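# Inside the fold
Residues per chain are reported as follows:
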Amino acid sequence: ANKKKILYLGNKVIVMSALSVEHLEIDDNAAEEEKAELLQQVDNDNSDDEAHNPGEEEVIRICVLGATGNGKSSLCNYLSASTMFEVGDGFDSCTQYSRSHSFFHRIDNREVHFEVTDTPGWFDCDSSDKDRVPSAQVMLQKMRECMKISESGITAFFVCVPFERISIDTEQSIYFMRDCFDSTQLRHVYLVFTKCPGGPLQSVEHVLQSLLQQKNKGRAASALVYNYALHINEQVFVTNTMHDDEKQLMQTRDHMLRTVHDIYGECGIVPDGVFQTALKNYQNELHRLQQMHSHAQQEQSLKYQRMMTLGAVVGVGAAAVGLNGYLKYNALFTDHVDLQSQASTLHQQTAALHESNQQLQQENNVLAQNNAANNRMMGVAETTAGVLWATVEPISGAVAILDGLSRIWYGSKQK
């Protein structure tokens with residue numbers, strides 16, 4: 001049974017049970033009266049619990065989803081008024097597996113049994129996975145994990161969305177919830193905006209208006225969150241567990257738990273077939289993608305084979321053309337060498353003929369010189385004879401003299 005005990009530490013009072021621990025403060029001016037009233041209240045609660053069989057008690061369960069650093073563990077501590085969930089101080093997840101904690105909350109003078117479950121950062125993206133839309137394989141894994149958690153019966157899923165930073169991990173968690181829950185089951189899904197600057201005092205309308213402004217500026221992540229908030233009929237909570245106003249924090253906590261209590265009374269728990277139906281759809285989608293991948297691989301293999309065949313044909317053709325070209329080139333080169341050899345022979349013969357021509361020319365010059373000398377000598381002889389003959393026959397001598405002088409002149413001209 002949930003037996004409660006009271007521990008007084010000055011003006012502080014700790015109310016302890018097997019399932020929860022509550023810290024209260026009592027005004028010094030009315031200490032005795034408040035202590036008496038608190039003691040009477042605890043006695044009444046214990047009396048109610050003793051008449052209650054815990055084994056048959058209804059438990060309202062809340063499952064908190066979100067990426068690492070979104071404030072899931074802080075929200076679980078806040079809802080359960082405990083410190084059972086370890087809270088990290090960085091980007092590394094300190095929640096490595098799902099963990100649940102039971103607690104009681106008074107609603108309409110009745111202690112209602114709640115259980116909150118903290119989940120690890122299922123939607124965390126590593127350096128090699130930065131797609132905004134999660135793959136079918138990832139979705140199947142998340143669904144199987146949710147099926148294990150929901151076996152005990154979940155009334156509400158709280159999706160943590162940090163107000164100041166909407167990451168790809170958060171987008172994947174919203175895609176996950178959108179694909180798992182149809183329009184008849186949206187009553188079980190709530191967006192919880194954590195780390196809001198204004199804390200619980202910041203209204204839901206203000207948060208949605210801010211998201212709408214970001215959407216109009218072209219921010220895809222803000223548009224996704226805003227559209228999903230409208231899709232689930234603006235089922236949104238605004239929290240900041242670090243806010244200083246404890247009264248406002250307690251009022252917001254009471255409002256959230258009362259809302260879940262009302263959901264339980266109206267709709268009960270999430271149907272068993274929710275994740276099974278989504279799981280089957282994604283299995284079919286994964287099978288279709290595998291078939292498409294197999295078909296694409298076959299097409300790629302056939303294309304590769306055709307390319308190899310074409311390459312072989314082109315290679316053989318290119319080799320034949322190359323061989324034919326080589327043979328033609330070799331023949332042309334041989335002819336060129338032969339022509340060069342013939343040209344060299346002709347050049348040598350031409351040189352020999354030129355040399356013979358020069359020798360003949362020299363000999364011809366010598367003969368011409370000899371001929372000129374002979375003409376001059378004959379002209380001198382004929383002139384001398386004409387002079388001598390002129391004494392006997394003047395006319396014949398004059399002719400002989402003229403003929404001799406012409407020979408001398410012609411011989412001089414040849415020289």
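Per chain, residue numbering runs from 1 following the sequence as it is written. For this predicted model, a pLDDT threshold of at least 70 governs which residues receive local features, and a threshold of 80 or more governs which side-chain atom pairs are given and counted, while totals over whole chains, interfaces and linings are taken from all residues. The side-chain quantities take in all heavy atoms of the structure and omit both hydrogens and water.

What follows deals with the overall build of the protein. Helical segments are the DSSP runs of H or I of at least four residues, strand segments are the runs of E of at least two, and each set is numbered from the N terminus. Helices and strands together make up the secondary structure of the protein, namely nine helices and nine strands. For every residue, the accessible area (1.4 Å probe, protein chains only) is compared with the maximum for its type, and the residue is labelled buried under 20%, exposed over 50%, or partly exposed between those bounds. Taken across its 415 residues, the protein has 36% of its residues classed as buried. Pairs of residues are marked as contacts when any of their non-hydrogen atoms sit within 4.5 Å. Sequence-distant contacts, at least 24 apart, represent 71% of the contacts inside the protein between residues at least 6 apart. Of the roughly 25200 Å² of accessible surface on the protein, a fraction of 54% belongs to carbon and sulfur atoms. All accessible areas in this document rest on Shrake-Rupley with a 1.4 Å probe, and a residue is counted as covered only by the protein chains that are shown.

Our focus in this paragraph is the pairing of strand E5 (residues 99–106). Pairing between strands is defined by DSSP: at least two bridges between the two strands are required. In this structure, E5 lies alongside strand E6 (residues 111–118), joined through eight bridges in antiparallel fashion. Counterpart to arginine 106 in the pairing with E6 is glutamate 111. Linkage of E5 to E6, two consecutive antiparallel strands, is achieved through a turn of four residues, within which aspartate 108 is found at a positive phi near 55 degrees.

Consecutive side chains of a regular strand alternate in pointing toward one face of the sheet and then the other. For strand E7 (residues 156–162), the buried fraction is high: seven of the seven residues fall into the buried class. Of the two faces of E7, both are covered, the one formed by Ala156, Phe158, Cys160 and Pro162 as well as the one formed by Phe157, Val159 and Val161. Of the pairings in the sheet, the one linking strand E4 (residues 60–65) to E7 comprises four bridges and is parallel in character. From the neighbouring strand, isoleucine 62 faces E7, where its bridge partner is alanine 156. Sheet topology note: the E7/strand E8 (residues 189–194) ladder contains six bridges and is parallel. Considered in E8, the bridge of phenylalanine 157 is made with valine 189.

Quick look at the confidence of the model for the protein now. If pLDDT is low for a region, its predicted coordinates should not be looked at in detail. Of all residues in the protein, 71% have pLDDT values of 70 or greater, and the mean over the chain is 77. pLDDT measures how confident the predictor is about each residue, on a scale from 0 to 100. Confidence drops under pLDDT 50 across residues 50–55; counting only partners more than four residues distant or on other chains, this segment forms three contacts. Below pLDDT 50 for its whole length, residues 125–130 participates in six contacts with residues either more than four positions away or in separate chains.

Geometry of aromatic contacts follows a simple scheme: Phe, Tyr and Trp rings, the Trp one being its six-membered ring, pair when their centres are within 6.5 Å, and the pair is stacked under 30 degrees between planes, edge-to-face over 60, tilted otherwise. All chains considered together, the criterion is met by five aromatic pairs. On the basis of an interplanar angle of 65 degrees and a centroid distance of 6.2 Å, the ring pair of phenylalanine 158 and tyrosine 190 is categorised as edge-to-face. Here the residue phenylalanine 158 occupies a position in strand E7, and tyrosine 190 occupies one in strand E8, the gap between them amounting to 32 residues. One exposure class covers both phenylalanine 158 and tyrosine 190, and it is buried. For the pair phenylalanine 158 and phenylalanine 237, a centre-to-centre distance of 5.6 Å together with 65 degrees between the ring planes defines the contact as edge-to-face. Remark: phenylalanine 237 occurs in strand E9 (residues 236–238) and phenylalanine 158 occurs in strand E7; sequence separation between them is 79 residues. By the burial criterion, phenylalanine 158 is buried, and phenylalanine 237 matches it. Among the aromatic residues, those joined into a ring-pair cluster are Phe158, Tyr190 and Phe237.

Here we take up the environment of arginine 187. With respect to the helices and strands, the residue arginine 187 is situated in the loop between helix H4 (168–180) and E8. Along the primary structure arginine 187 and valine 270 are separated by 83 residues, whereas in three dimensions their C-alpha atoms are 9.3 Å apart. In this view, arginine 187 contacts Gln235, Ile263, Glu266 and Cys267; residues no more than four positions away in its chain are not counted. Counting of polar contacts relies on pairs of N or O atoms within 3.5 Å, with two restrictions inside protein: one atom must be capable of donating a hydrogen and the other of accepting it, and residues adjacent in sequence are counted only when both atoms are side-chain atoms. A distance of 3.2 Å separates a polar atom in the side chain of arginine 187 from a polar atom in the side chain of tyrosine 190.

Further remarks concern the sheet that holds E5. Taken together, six strands build an open sheet; the order of strands is E5-E6-E4-E7-E8-E9 and the sheet is mixed. Strands with a single pairing partner mark the edges of an open sheet, and in this sheet they are E5 and E9. The average angle at which neighbouring strand axes cross in this sheet is 25 degrees, direction not considered. When E4 meets E6, the two strands line up parallel, connected through five bridges. To obtain each axis, a line is fitted to C-alpha atoms, and for helices this fit is confined to the stretch in contact; angles are then taken between N-to-C directions over 0 to 180 degrees.

Remark: H4 packs on helix H6 (residues 220–231), axes separated minimally by 10 Å, with the N-to-C direction vectors making an angle of 30 degrees. Judged on the interaxial angle alone, H6 and H4 are roughly parallel. As for how H4 packs across H6, the hand of that crossing is left-handed. Where H4 approaches H6, its residues Glu171, Ile174, Tyr175, Met177 and Arg178 are matched on the opposing element by Ala221, Leu224, Val225 and Tyr228. Amino acids outside the nonpolar list (Ala, Val, Leu, Ile, Met, Phe, Trp, Tyr, Cys, Pro) and the charged list (Asp, Glu, Lys, Arg) are all regarded as polar, and Gly is one of them. Of the residues in the contact of H4 with H6, the class split is seven nonpolar, no polar and two charged. Roughly parallel here means an angle under 35 degrees, roughly antiparallel means over 145, roughly perpendicular means 65 to 115, and every remaining angle is called oblique. Here is the rule for handedness: rotate from the far helix to the near one, and if that takes an anticlockwise turn smaller than a right angle the crossing is left-handed, while a clockwise turn gives right-handed.

Another aspect to go through is the nonpolar core. By size, the foremost hydrophobic cluster in this structure holds 32 residues, and its most contacted members are Phe157, Met177, Phe181, Leu191, Phe193, Leu211 and Val225. For this core, the leading source of residues is H6, giving six residues. Discounting chain neighbours no more than four positions away, the residues touching phenylalanine 193 are Val161, Phe163, Val207, Leu211, Val225, Val236, Phe237, Val238 and Thr239. What is meant by a nonpolar core is a set of buried Ala, Val, Leu, Ile, Met, Phe, Trp, Tyr and Cys residues, joined one to another through side-chain atoms within 4.5 Å.

This part covers H4. Any helix carries an expected span of 1.5 Å times its number of residues minus one. Between its first and last C-alpha, H4 extends 19 Å over 13 residues, near the 18 Å set by a 1.5 Å rise per residue. Buried residues dominate H4, accounting for 10 of its 13 residues. Turning to H4, its buried residues number three or more, namely Asp169, Thr170, Glu171, Gln172, Ser173, Ile174, Tyr175, Phe176, Met177 and Cys180.

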